[in-house]
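Coordinate inspection notes
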Protein chains: 2
Amino acid sequence: MARRVFSRTETSDQPSRRLSKALIPSGMATLLPEAAQRVRLLEQAMFENFIKWGYQEIIPPTFEYFDVLAAGLSSKALETCYKFADWSTGRILVLRPDVTAQIARMVAMGLAGQTLPIRLCYRTTVFRSEPVHAGREREIFQVGAELIGSDTPVMDAEILALLLELLRGLGLEAFKVSLGHVGFYQALLEKSGLSAQGQQQAKMAAAHKDLPKLEAILRAEGIDSKIAHTILETPDRYGREEVLSWGRRVAGNNRALIEPIERLDMVYHLLKQAGFQDHLLIDLGEFRGFEYYDGLVFDVFAEGLGCELGGGGRYNHLIGRFGRDLPSTGFALDVDRLFRARQALVTQEQNDLPPVLVVSSIAQYGVAFKVSQLLRAQGLTVLQEQGATHGAAHRERLRHRARQAGIPAVICLAAKASPQTFVLNATDENSWERSPYLAVHELPSWLHRHVYARS
Amino acid sequence: MARRVFSRTETSDQPSRRLSKALIPSGMATLLPEAAQRVRLLEQAMFENFIKWGYQEIIPPTFEYFDVLAAGLSSKALETCYKFADWSTGRILVLRPDVTAQIARMVAMGLAGQTLPIRLCYRTTVFRSEPVHAGREREIFQVGAELIGSDTPVMDAEILALLLELLRGLGLEAFKVSLGHVGFYQALLEKSGLSAQGQQQAKMAAAHKDLPKLEAILRAEGIDSKIAHTILETPDRYGREEVLSWGRRVAGNNRALIEPIERLDMVYHLLKQAGFQDHLLIDLGEFRGFEYYDGLVFDVFAEGLGCELGGGGRYNHLIGRFGRDLPSTGFALDVDRLFRARQALVTQEQNDLPPVLVVSSIAQYGVAFKVSQLLRAQGLTVLQEQGATHGAAHRERLRHRARQAGIPAVICLAAKASPQTFVLNATDENSWERSPYLAVHELPSWLHRHVYARS
């Protein structure tokens, strides 16, 4: 089969793209056959793990009423979501910008049952209305999980162990998960005496790692230099146990500062016991942009990719916004980026046998169909087509068709109404070898010995 | 696990729905865990067949530019598609109302390669902006295939044989595929002398089986009573070979009438040779609403469902509208309806083993994680949670948790840092039996003998 590639429309600088009107909206994903197959294998591998861990799939609707879902969306999601009018009700619809908010809405409505904890997973796309010149994705494939109804270190560890196990199951080795806790920074800002508005601004500046702006905010409100120094230093504190020790020293006797550090410590050690220490980092500057997170948070980074593969964390107050108070944690992975992180690994999956072609006259269609079905039942991919198979000109045409489509063997019926076949073997560049006559049941082993062993 | 059901928001007549503002847009699909799992199994079964037949998956973008895609949309799709503005370009976007048009656009752009024929398949959702009171689905899950670049009876037979094989592979038995050919009726209308506008109106009336309207159109243009009679009679002509004989008599020496009947005859006989005759009907009133079809067309009906499961046909001129002339045929199946047609069959798939619960103190998390992973590697679904396992009160709490969640066995660690386990067996209604101490490697076979054999 012809090689095809993952294709995403980019904001291209090529003159052709700038001169003519684009045919496809920028940033929309089209997955051509090779990419679609790999994404399918990738999703299957992840879903096998989800099932074993007791996570059940849920498929949320593609759009919802904006006024309902907005309660669970971050300010960024509110800004960048696609909205449009529902002509039959006069209300505004929104294309799903975030699955977690939808699941929170469904769980609050009781759709996922009452027995806690609830373990859910999904694979779907989310939509963001990015400006064309930003060149960012507008349709993003995600796989994720949510663990709802329990707020313990063991549940924090479970969602992280599942995430780590998924990534290892995909054959990824060079990745790191950074663990943070939004409560520590929150408590530092509260303790500093900053105004509510100042705290909000400081959080945004810290989330964007904008230290000069953070410093200006602290100076403007005349914050004590010792605590200001700690607030400026925290976003850079990442590593292993030593970061926890530093955090404990900063916390002193302050319960609001001690508790996040203790939670981080406990989850980190649970994950060490489960054998994941090589993939873990503690990062006190890990905030996930705050958004709706209010506890332990985490990000996944792959070496050499320069962007995060996904992340998540605890959002104990999100479901409550939809009317049912339930603590929760979860994660989402970006399938497109996972796919890129795995580029080096996929060749090993590409050993699927190439298709064979069964050719017959139209009069022998029924026999040819039975031959095709027998080979398909043996796990082969079979193309069945109509054509003449005797004579040099017809053989040359078949050879051209086979070469062009990467088909290593053409199976021909011997004579009218006979169950005998012969194989034209295209694996040798120089000859167009013809097999002896074969009974149909002899075909699979002959193909394996003479065609697939060589190709 | 708690039982959950397929849920689609309906236009409900319940007072509660009428009095309060709906939380979810009417007609949007939400697949809760049990339904999502079945849909996944259903898609997997179909994709196994697609692969064996050489059909490669393609994932098209969720929305496109309206001005580009409109060239390939039927008038009904144009009316009912969701459109919205792309603020960054000022152009109109459309949520995919039809996958075939998207694939036609992609193939015309050369995205699927140049080697013909091209065999593609997909599973995705399409969107239709139906009025709320119509109570129809707005988000529809589809699985389909397209066979592009060849116009022969064998290719017509291939797409139908694939469709029939998919349906049989799902365990469906009580279904029929009706075969028609839009060319026969088209030629009848042309031969009658109807004006172009009259022909268009007659086609629409025939597609809606509105015979009184059809009669009025024919009378208004004073069409000869013999051919008018045939035009009125054709939509009711369905059955087996006798319908082909009738068509041949009507056709006489008229090539434009003979050719569609000969094509139907040939494809019907090819499919008989492939062993599908029990599922086939010839139906000269099968038009698929004409839309973009211009050759052999077909519909799939399941007994007792009262609506079609899907259908398709030949659309030789669709890809040309996007700039590359290629004959094609294809089909789409409605996953929601397939799902309903299979309701009776799914119990046999529900024999998945229910999950077991591994419980330990937080101090034994690492050992409990290893036990869980070992059982997962054996194919079991394992929930790992924290809790006390000794003493009557804790045992009663575990029993309640197990009963509530349909968990047949709770696995407890014997003592601190010991690899020994014991199992609390919940399969007996009356006793809460405790196993002897077991080594971790003994667990899988013990569970199979004492728990799963009984539950």
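Residues numbered from 1 in each chain as written. Chains lettered and ligands numbered in written order. Predicted model: local features only at pLDDT ≥ 70, side-chain atom pairs only at ≥ 80, totals over all residues. Heavy atoms only, no water.

Moving on, we get to the overall build of chain A. The secondary structure content of chain A amounts to 16 helices and 20 strands. Taken over C-alpha atoms, the radius of gyration comes to 29 Å for chain A, far larger than the 23 Å a tight globule of 455 residues would show. With the principal axes as the frame, chain A shows a C-alpha extent of 95 × 55 × 50 Å. Within chain A, buried positions represent 59% of all 455 residues. Long-range pairs, those at least 24 residues apart, make up 66% of the contacts in chain A between residues at least 6 apart in sequence. When the accessible surface of chain A is totalled, it reaches about 18200 Å², and 52% of it is carbon and sulfur. Put simply, chain A has 52 plus and 51 minus side-chain charges, and the middle of one group is 7 Å from the middle of the other. (Helix = DSSP H or I, 4+ residues; strand = E, 2+ residues; numbered from the N terminus. Rg over C-alpha atoms; globule rule 2.2 N^0.38 Å. Buried < 20%, exposed > 50% of the residue type's maximum accessible area, 1.4 Å probe, protein only. Contact = heavy atoms within 4.5 Å. Areas by Shrake-Rupley, 256 points an atom, 1.4 Å probe, with all protein chains shown as cover. Lys, Arg positive; Asp, Glu negative; His and termini not counted. Charge placed at Lys NZ, Arg CZ, Asp CG, Glu CD.)

All names here are of chain A. In terms of domain boundaries, chain A breaks down into domain 1 (1-11 + 19-174 + 303-347), domain 2 (185-274) and domain 3 (353-454). Here the C-alpha centre of domain 2 lies 29 Å away from the C-alpha centre of domain 1. Taken residue by residue, the interface counts 10 residues in domain 1 and five residues in domain 2. With both chains or domains summed, domain 1 and domain 2 bury close to 580 Å², and 73% of this area falls on carbon and sulfur atoms. Between the two partners, domain 1 and domain 2, sit two salt bridges. For the salt bridge of Arg263 with Asp156, the shortest nitrogen-to-oxygen distance reads 2.8 Å. Put simply, domain 1 and domain 2 have three residue pairs in polar contact (both at pLDDT 80 or more) between them. Among the elements that line the side of domain 1 that touches domain 2, the one with the most residues is helix H6 (residues 153-169), at seven residues. (Domains from an automatic or database assignment. Buried area = accessible area lost by both parts, 1.4 Å probe. Salt bridge = Lys/Arg side-chain N within 4 Å of Asp/Glu carboxyl O. Polar contact = N/O pair within 3.5 Å; in protein donor to acceptor, adjacent residues only side chain to side chain.)

In this section: the sheet that holds strand S13 (residues 308-314) of chain B. Residue and element names in this part refer to chain B. In spatial order, the strands read S3-S7-S8-S14-S13-S12-S9-S11-S10; together these nine strands make up an open sheet with mixed pairing. Only two strands of the sheet have a single partner each, and these edge strands are strand S3 (56-57) and strand S10 (238-239). Where S13 and strand S14 (residues 328-334) come together, five bridges link them in antiparallel fashion. When the bridges of S14 are listed, Gly310 appears paired with Leu333. Helix H12 (residues 255-273) contacts strand S9 (175-181), strand S11 (280-283), strand S12 (296-302) and S13 of the sheet and is inclined by roughly 150° relative to S9. (Pairing = 2+ DSSP bridges. Axes fitted to C-alpha atoms, helices over the stretch in contact; angles between N-to-C directions.)

Here the focus is the relation of the copies chain B and chain A. Laying chain B over chain A is done by rotating through 180° and shifting 0.0 Å along the axis; what remains is an RMSD of 0.1 Å. What we have between these two chains is a two-fold relation. Closest approach to the rotation axis among the C-alpha atoms of chain B is made by Phe84(B), whose C-alpha sits 3.0 Å away. In this assembly the copies share their binding face: 100% of the residues contributing to the interface of chain B also contribute to that of chain A. (Least-squares fit on C-alpha atoms with pLDDT ≥ 70 in both.)

Glancing now at the interface of chain B and chain A. Chain B puts 96 residues into the contact, and the matching count from chain A is 96 residues. For Arg123(B), the salt bridge identified is with Glu43(A), shortest N-O distance 3.4 Å. The interface formed by chain B and chain A contains 24 residue pairs in polar contact (both at pLDDT 80 or more). Tallying contributions element by element places helix H2 (residues 33-52) of chain B first for the side of chain B that touches chain A, with eight residues. For the side of chain B that touches chain A, the per-class residue count stands at 53 nonpolar, 20 polar and 23 charged. (Nonpolar A, V, L, I, M, F, W, Y, C, P; charged D, E, K, R; others polar.)

Our next topic: the packing of helix H11 (residues 241-251) of chain A against helix H12 (residues 255-273) of chain A. Residues and elements named next belong to chain A. One way to put it is that H11 packs onto H12 with a least axis distance of 9 Å and a crossing angle of 160°. Taken as axis vectors, H11 and H12 run roughly antiparallel relative to one another. Handedness of the H11/H12 crossing: left-handed. For the pair H11 and H12, the contacting residues are Glu241, Leu244, Gly247, Arg248, Val250 and Ala251 in the first and Leu257, Ile258, Ile261, Glu262, Leu264, Asp265, Tyr268, His269 and Lys272 in the second. (Parallel < 35°, antiparallel > 145°, perpendicular 65-115°, else oblique. Left-handed = near helix turned anticlockwise from the far one by under 90°.)

Below, the discussion takes up the side chain of Arg324(B). Residues and elements named next belong to chain B. You can see Arg324 is positioned in the loop between S13 and S14. No salt bridge forms around the buried Arg324; measuring N to O, its nearest opposite-charge neighbour Asp325 is 9.5 Å away. Polar contacts involving the side chain of Arg324 include one to the main-chain carbonyl oxygen of Val107, which spans 2.8 Å. Other than its neighbours up to four places away in sequence, Arg324 contacts Val107, Ala108, Gly110, Gly113, Gln114, Leu116 and Ile319.

Attention shifts here to the packing of aromatic side chains. Taken as a whole and judged by the stated rule, the model has 27 aromatic pairs over all chains. Arranged with centres 6.4 Å apart and planes meeting at 40°, the rings of Phe50(A) and Tyr55(A) form a pair that is tilted. Their ring planes at 70° and their centres at 5.6 Å tell us that Phe84(A) and Tyr82(B) sit as a pair that is edge-to-face. Highlighted residues: Phe84(A) in strand S5 (residues 83-86) and Tyr82(B) in the loop between helix H4 (75-80) and strand S5 (83-86), drawn from two different chains. Members of the aromatic cluster, each reached through a chain of ring pairs, are Phe63(A), Tyr82(A), Phe84(A), Phe127(A), Phe63(B), Tyr82(B), Phe84(B) and Phe127(B). For the cation-ring pair, Arg91(B) lies above Tyr65(B), with the distance from its terminal atom to the ring centre recorded as 3.6 Å. Over the aromatic face of Phe422(B) sits the side chain of Arg434(B), whose NZ or CZ is 4.2 Å from the ring centroid. (Phe/Tyr/Trp six-rings, centres within 6.5 Å; stacked < 30°, edge-to-face > 60°. Lys NZ or Arg CZ within 6 Å of the ring centre and 35° of its normal.)

All names here are of chain B. The antiparallel open sheet is built from three strands, whose spatial order is S4-S6-S5. Bordering the open sheet on either side are strand S4 (63-65) and S5, each of which pairs with just one other strand. This sheet shows a mean twist of 40° between the axes of neighbouring strands, independent of strand direction.

All names here are of chain B. Their axes nearest at 9 Å, the elements H2 and helix H6 (residues 153-169) cross at an angle of 145°. Crossing of H2 against H6: the hand is right-handed. Facing H2, whose interface residues are Met46, Asn49 and Phe50, H6 presents Leu162, Glu165 and Leu166. The residue inventory of the contact of H2 with H6, partitioned by class, reads four nonpolar, one polar and one charged.

Attention now moves to the pairing of strand S9 (residues 175-181) of chain A. Consecutive residues of a regular strand have side chains that alternate between opposite faces of the sheet. Residues and elements named next belong to chain A. Burial analysis of S9 places six of its seven residues in the buried class, which makes it a mostly covered element. Bridge count between S9 and strand S12 (residues 296-302): seven bridges; the pairing is antiparallel. Of the residues in S12, the one forming a bridge with Val177 is Val300. Sheet analysis places S9 next to strand S11 (residues 280-283), joined by three bridges and oriented parallel. Paired with Ser178 across the strands is Leu281, a residue of S11.

Residue and element names in this part refer to chain A. The peptide bond linking Leu116 to Pro117 adopts the cis configuration, its omega dihedral lying at -10°. Considering the arrangement of structural elements, one finds Pro117 in the loop between helix H5 (99-108) and strand S7 (118-127). A positive phi angle, near 55°, is found at Lys209, a position not held by glycine. As for its position among the elements, Lys209 is in the loop between helix H8 (196-207) and helix H9 (211-220). The partly exposed category is assigned to Lys209, whose relative accessible area is 44%.

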